[in-house]
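# Fold and geometry: a report
Listed below, chain by chain, are the residues.
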Amino acid sequence: MIKHIFAGIFSCIVFTVSGQQFSFDTSSRWSATPALHPSSGTFDSCSAVGVYDSRIIHFVIAKDEIYMRTVYHRIVRINSDRGIEMFNKIYIPMYRESEVSGIRARTILPGGKVVDLPESKVKEIEEEGRRYKLFAMEGVERGAEIEYTYTIRRPMNPFGIEVFQDKSVPYEQVRFNLVAPAHLAFHVKGFNGFRVSSDSLIGEQRIIAGFDSNVPALEPEKYAVTDRYLRRVMYKMNYNLSSDTPEEMYTWKDFAKRALSAYTSLDEKEEKAMDKLADRIDISSASSEAEKILLIEDYIKRNFNIDDKLFGADVEDLDRVLKTRNTNRDGAVRMFAALFDRNRITYHLVFPSDRYSFPIEEDPENWNSVEQILFYFPKTGKYIDPEASSLRYPFIPPALAG
């Protein structure tokens, strides 16, 4: 961990790496006198080119609360009519328990004229169950640039990922900063060439910077799995240095302990409910452990509706699930585990990577990347997926295999 301690006023700190730069300046780059940016020439044939994509994540302590404030800033050059169609409207997603503020947008025309977005033109809409802030850029034409910035405040999350590459627009320059109080240390890692600095202690703040340049659009390829190849940065809160004896936080060992407790600990009512359910499932005809597993799985999947869109106490409390016959994936896992325990079937809980999503990394330990769960049976070397209603032992979804 590298520390840079400065006295006086911090204005701008830059480290040079292989001709490129880490910027530790977290102030706004919204210019009072905007002008068009010269093209690097690399992506001139593209319909639109991202000139600049910056994301600055602040971890803020206010009274007894820690929250995150992320400032987004993007500039896009329009090269064609297709580019106009792509960026004449800007959608900003609104997440649960988050707040969007500080929206500013403008169009810089080839002749130098600047068309600012009136605040009154920002609308709030809902499409397909998701809420957005929406605004239409005015005066967009070939050769123009659109520029917009906004801030999202959300509850503190010790894990995160920012992706700086997509399938439609290349970017000439992308930038990342994570800013936290001095006593909070983070582990940040870049993937597929995204560069990340060591952290720097600057005044009362700990800052980690990252950047990349000339990031091409990762064009779709039939049958290809692309997410793992996207340039991105992943971060995790590692230490609270204010403790007398700081210990690493949010490790995979911590995750394993919590998962085991969450999926295998039952209260008294749940224990009785699972005793009743175990008595209903007739496995007397089973001559092997594999047959017992199959009978239990088939009974649950035939008699219970498992839908991961369901949430709340009613779908995870096993005493209530036995009455309603509706549960989600976590409730199903708890049910399977209870029945396997009662039938003395040895199992392991497995958290696999989905090949169509970002892989689970050993380092950093990003608990948010855990999205799927399987049961593994060491005596047979086979698996089941507790959620896949159309599959039976030993088959699991192909995306979770290998």
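Residues numbered from 1 in each chain as written. Predicted model: local features only at pLDDT ≥ 70, side-chain atom pairs only at ≥ 80, totals over all residues. Heavy atoms only, no water.

## A word on the overall build of the chain
The helix and strand inventory of the chain stands at six helices and 22 strands. A principal-axis box enclosing the C-alpha atoms of the chain has dimensions of 80 × 55 × 40 Å. Each of the 402 residues in the chain was classed as buried or not, and the buried ones make up 44%. Across the chain, the fraction of contacts at a sequence separation of at least 24, relative to all contacts at a separation of at least 6, is 70%. When the accessible surface of the chain is split by element, carbon and sulfur atoms take 47% of a total near 21,200 Å². Charge-centre separation for the chain: the mean point of 53 positive side chains lies 1 Å from the mean point of 59 negative side chains. (Helix = DSSP H or I, 4+ residues; strand = E, 2+ residues; numbered from the N terminus. Buried < 20%, exposed > 50% of the residue type's maximum accessible area, 1.4 Å probe, protein only. Contact = heavy atoms within 4.5 Å. Areas by Shrake-Rupley, 256 points an atom, 1.4 Å probe, with all protein chains shown as cover. Lys, Arg positive; Asp, Glu negative; His and termini not counted. Charge placed at Lys NZ, Arg CZ, Asp CG, Glu CD.)

## Focus: the packing of helix H4 (residues 289–303) against helix H6 (residues 329–342)
The interhelical angle for the contact between H4 and H6, taken along N-to-C directions, is 145°, at an axis separation of 11 Å. Crossing handedness for the pair H4 and H6: right-handed. Contact residues: H4 offers Ile293, Ile296, Glu297, Ile300 and Lys301, while H6 offers Met335, Phe336, Leu339 and Phe340. When the residues that make up the contact of H4 with H6 are grouped by side-chain class, the tally is seven nonpolar, no polar and two charged. (Axes fitted to C-alpha atoms, helices over the stretch in contact; angles between N-to-C directions. Left-handed = near helix turned anticlockwise from the far one by under 90°. Nonpolar A, V, L, I, M, F, W, Y, C, P; charged D, E, K, R; others polar.)

## What to know about the confidence of the model for the chain
Of all residues in the chain, 95% attain a pLDDT of 70 or more, and the chain-wide mean is 92. This model gives residues 1–19 a pLDDT under 50, and the stretch forms 35 contacts once residues within four places in sequence are excluded. (pLDDT = per-residue confidence, 0-100.)

## Some details on the pattern of salt bridges
Tallying each qualifying case throughout the model produces 28 salt bridges. In this structure, the salt-bridge partner of Arg195 is Asp212, at a minimum N-O distance of 3.3 Å. Of this pair, Arg195 sits in strand S14 (residues 195–196) while Asp212 sits in strand S16 (residues 205–215); the two residues are 17 residues apart in sequence, bridging distant segments of the chain. Judged by relative accessible area, which is 3%, Asp212 ranks as buried. Measuring nitrogen to oxygen at the nearest pair gives 2.7 Å for the salt bridge that ties Glu297 to Lys301. (Salt bridge = Lys/Arg side-chain N within 4 Å of Asp/Glu carboxyl O.)

## Remarks on the sheet that holds strand S20 (residues 348–350)
The three strands lie next to each other as S20-S21-S22, forming an open sheet whose pairing is antiparallel. Each edge of the open sheet carries a strand with a single partner, namely S20 and strand S22 (382–384). For this sheet, the mean angle separating the axes of adjacent strands, direction not counted, is 35°. Alignment of strand S21 (residues 374–377) against S22, held across three bridges, turns out to be antiparallel. (Pairing = 2+ DSSP bridges.)

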